[in-house]
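Fold and contact review
Here is how the chains run, residue by residue.
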Amino acid sequence: MFSKAALRLKLIHLQLVAAVAQSGQISHAARLLAMTQPAASRMLSEIEKIVGMTLFERHPKGMTPTDAGR
């Protein structure tokens, strides 16, 4: 059975998480998904709020997935 959080996620949410995990940068992921970097950042924050976990560690030169993000 799916959790309530999983039911609230949309395809674009999963695409953003995958793009950030692959590229390591939210700006690059945003370009791949044809959205602005601020919109992608807000969406990632929304996703993390929905699932109740931090999905990426933020670093000055990019992002790396946490265990939950993988």
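Conventions adopted
- Residues numbered from 1 in each chain as written.
- Predicted model: local features only at pLDDT ≥ 70, side-chain atom pairs only at ≥ 80, totals over all residues.
- Heavy atoms only, no water.
- pLDDT = per-residue confidence, 0-100.
- Helix = DSSP H or I, 4+ residues; strand = E, 2+ residues; numbered from the N terminus.
- Salt bridge = Lys/Arg side-chain N within 4 Å of Asp/Glu carboxyl O.
- Buried < 20%, exposed > 50% of the residue type's maximum accessible area, 1.4 Å probe, protein only.
- Pairing = 2+ DSSP bridges.
- Contact = heavy atoms within 4.5 Å.
- Expected span 1.5 Å × (residues − 1).
- Arc of directions from axis to C-beta.

Time to look at the confidence of the model for the protein chain. On average, the protein chain scores 92 in pLDDT, and the residues at 70 or more come to 93%. By mean pLDDT, the top-scoring element of the protein chain is helix α3 (residues 26-32) (97), and the lowest-scoring one is helix α1 (residues 4-8) (73).

A few words now on the pattern of salt bridges. Under the counting rule described, the total for this entry stands at 2 salt bridges. Between Glu48 and Arg58 there is a salt bridge; the shortest N-O distance is 3.0 Å. Residue Glu48 is located in helix α4 (residues 37-51), and its partner Arg58 is located in strand β1 (residues 56-59); the two are separated by 10 residues in the primary sequence. A relative accessible area of 44% means that Arg58 is categorised as partly exposed. In this structure, Asp67 and Arg70 form a salt bridge, with 2.4 Å as the shortest nitrogen-oxygen distance. Residue Arg70 is classed as exposed on the basis of its relative accessible area, which comes to 66%.

Turning next to the pairing of β1. For β1 and strand β2 (residues 62-65), the ladder comprises 4 bridges, and the chain directions are antiparallel. In the strand pairing of β2, Phe56 is matched with Pro65. Connecting β1 to the antiparallel partner β2 that follows it, the hairpin turn spans 2 residues.

Here the focus is the environment of Pro65. Position of Pro65 among the secondary structure elements: in strand β2. Along the primary structure Pro65 and Gly24 are separated by 41 residues, whereas in three dimensions their C-alpha atoms are 8.3 Å apart. Not counting chain neighbours up to four residues away, the residues in contact with Pro65 comprise Ala21, Leu55, Phe56 and Arg70.

Before going further, it helps to examine helix α2 (residues 11-23). The end-to-end C-alpha separation of α2 is 18 Å, in line with the 18 Å expected for 13 residues at 1.5 Å each. Three or more residues of α2 are buried, namely His13, Leu16, Val17, Ala19 and Val20. One side of α2 carries all its buried residues, which in axial view fall inside an arc of 165°. Of the residues in α2, the exposed ones pointing more than 90 degrees away from the buried face are Leu11 and Gln22. Remark: Gly24 follows α2 within two positions and exhibits a positive phi of approximately 80°.

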